[in-house]
Amino acid sequence: VPTVMLSWVSTAILRRERYALLTWAGGAAVLTGLMASLQPTVMEVWVSFGFMGALAGGGPGISPATLYWSFSGDVVSPVVAAYAIAQASGWVTELAQGRVELMLAGPVSWARLVIGRLVALVVGVAAIAAGGLITLTLGALAVGGALDPAGLGRIRVVTRADADQITVFGLDRFYLQG
């Protein structure tokens, strides 16, 4: 076991949960890949209903395809939210079961534990968002769609903000009890 990697809390967490993180990122990739593969069929239906642009919130100059790609990218956000909730739930469970005290008995301070967990969460969110958005981009290229880089950046920022907000609730419970 490479002990150098385990000397930081964040790398120890990422190493321990690497397969789960790959599953989360793979799930986001499959979901956005499915959305990309459905785009041509959905566009046929949306174009046949002339009011879909107005119903979906599009304004003048916004095509149904743009609305669909925006929606397809936004499905990454709930996956990230579920990941953040699962992580925060795990933190609270470890605290309730007394496993945090075992970690703190070693050369790990409370602040280092919390910061390490946050760093691991940030890396996990980045991996999940990257998996989903890269697959969405490749899927769009495969079906002949075009994605706006600014839109992808917006989705990335919103995804990160959602994870931050959910994590604050978990940390509030975890940190204040410690």
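Everything below is about the structure printed above this text.
The rules behind each value
Residues numbered from 1 in each chain as written. Predicted model: local features only at pLDDT ≥ 70, side-chain atom pairs only at ≥ 80, totals over all residues. Heavy atoms only, no water. Helix = DSSP H or I, 4+ residues; strand = E, 2+ residues; numbered from the N terminus. Buried < 20%, exposed > 50% of the residue type's maximum accessible area, 1.4 Å probe, protein only. Contact = heavy atoms within 4.5 Å. Areas by Shrake-Rupley, 256 points an atom, 1.4 Å probe, with all protein chains shown as cover. Axes fitted to C-alpha atoms, helices over the stretch in contact; angles between N-to-C directions. Parallel < 35°, antiparallel > 145°, perpendicular 65-115°, else oblique. Left-handed = near helix turned anticlockwise from the far one by under 90°. Nonpolar A, V, L, I, M, F, W, Y, C, P; charged D, E, K, R; others polar. 1 Å grid on protein atoms, 1.4 Å probe; cavity = no way out; pocket = protein on both sides within 12 Å on 5 of 7 lines; lining within 4 Å. Points joined across faces, edges and corners; volume = space filled by probe spheres on them. Phe/Tyr/Trp six-rings, centres within 6.5 Å; stacked < 30°, edge-to-face > 60°. Salt bridge = Lys/Arg side-chain N within 4 Å of Asp/Glu carboxyl O.

S.K.: Quick rundown of the overall build of the protein chain? Include the residues and the values.
M.R.: What the protein chain contains, in helices and strands, is 9 helices and 0 strands. Its helices and strands taken in sequence order, the protein chain reads α-α-α-α-α-α-α-α-α from the N to the C terminus. For the protein chain, with 178 residues in total, the buried portion stands at 34%. Long-range contacts, defined as pairs at least 24 residues apart, comprise 78% of the intrachain contacts of the protein chain with a sequence gap of at least 6. In the form shown here, the protein chain has an accessible surface area of approximately 9700 Å², with 71% of it arising from carbon and sulfur atoms.

S.K.: Provide a residue-level description of the packing of helix α5 (residues 64-74) against helix α8 (residues 110-142), including the pertinent values.
M.R.: Contact geometry for α5 and α8: axes closest at 10 Å, N-to-C directions at 150°. Relative to α8, the element α5 is oriented roughly antiparallel. Pair α5 / α8 crosses with right-handed handedness. In this structure, α5 uses W69, S72 and G73 to contact α8, whose residues at the interface are L133, L136 and A140. Taken together, the residues that form the contact of α5 with α8 break down as 4 nonpolar, 2 polar and no charged.

S.K.: Break down the layout of surface pockets for me, with residues and values.
M.R.: Taken as a whole, the second largest pocket holds about 210 Å³ of empty space. Every residue lining the second largest pocket is listed: A65, T66, W69, S70, L136, A146, L147, D148, G151, L152, R154 and I155. Elements that contribute at least two residues to the lining of the second largest pocket include exactly α5 and α9 (149-177). Broken down by class, the residue content of the lining of the second largest pocket amounts to 7 nonpolar, 3 polar and 2 charged.

S.K.: Give a detailed account of the packing of helix α3 (residues 18-48) against helix α6 (residues 76-96), specifying residues and quantitative values.
M.R.: Relative to each other, α3 and α6 sit at 160°, their axes nearing to 9 Å. Between α3 and α6, the interaxial angle falls into the category roughly antiparallel. For the element pair α3 and α6, the recorded crossing hand is right-handed. Counting all contacts with α3, which are made through L21, W24, A28, L31 and T32, the residues of α6 involved are V76, V79, A82, Y83 and A86. Here the residues of the contact of α3 with α6 sort into 9 nonpolar, 1 polar and no charged.

S.K.: Now, about the packing of aromatic side chains: what can you tell me, with residues and values included?
M.R.: This structure, assessed with the given rule, holds 2 aromatic pairs. Each ring, one from W24 and one from Y83, has its centre 5.6 Å from the other, and the planes form 75°; the classification is edge-to-face. With W24 in helix α3 and Y83 in helix α6, the pair connects residues that are 59 residues apart, well separated along the chain. Relative to W69, the ring of Y68 lies with its centre 5.9 Å away and its plane at 70°, an arrangement referred to as edge-to-face.

S.K.: Break down the pattern of salt bridges for me, with residues and values.
M.R.: Considering all chains together, one arrives at 3 salt bridges under this definition. When the shortest N-O distance is used, the salt bridge between R16 and E94 registers 3.9 Å. Here E94 lies in helix α6 and R16 lies in helix α2 (residues 9-16), a separation of 78 residues in the sequence. A residue is classified by how much of its surface remains accessible, and R16, at 54% relative accessible area, is exposed. The class of E94 is buried, set by a relative accessible area of 12%. Between R117 and E94 there is a salt bridge, and its shortest N-O distance comes to 2.1 Å. In this pair, R117 sits in helix α8 while E94 sits in helix α6, placing the two residues 23 residues apart along the sequence.

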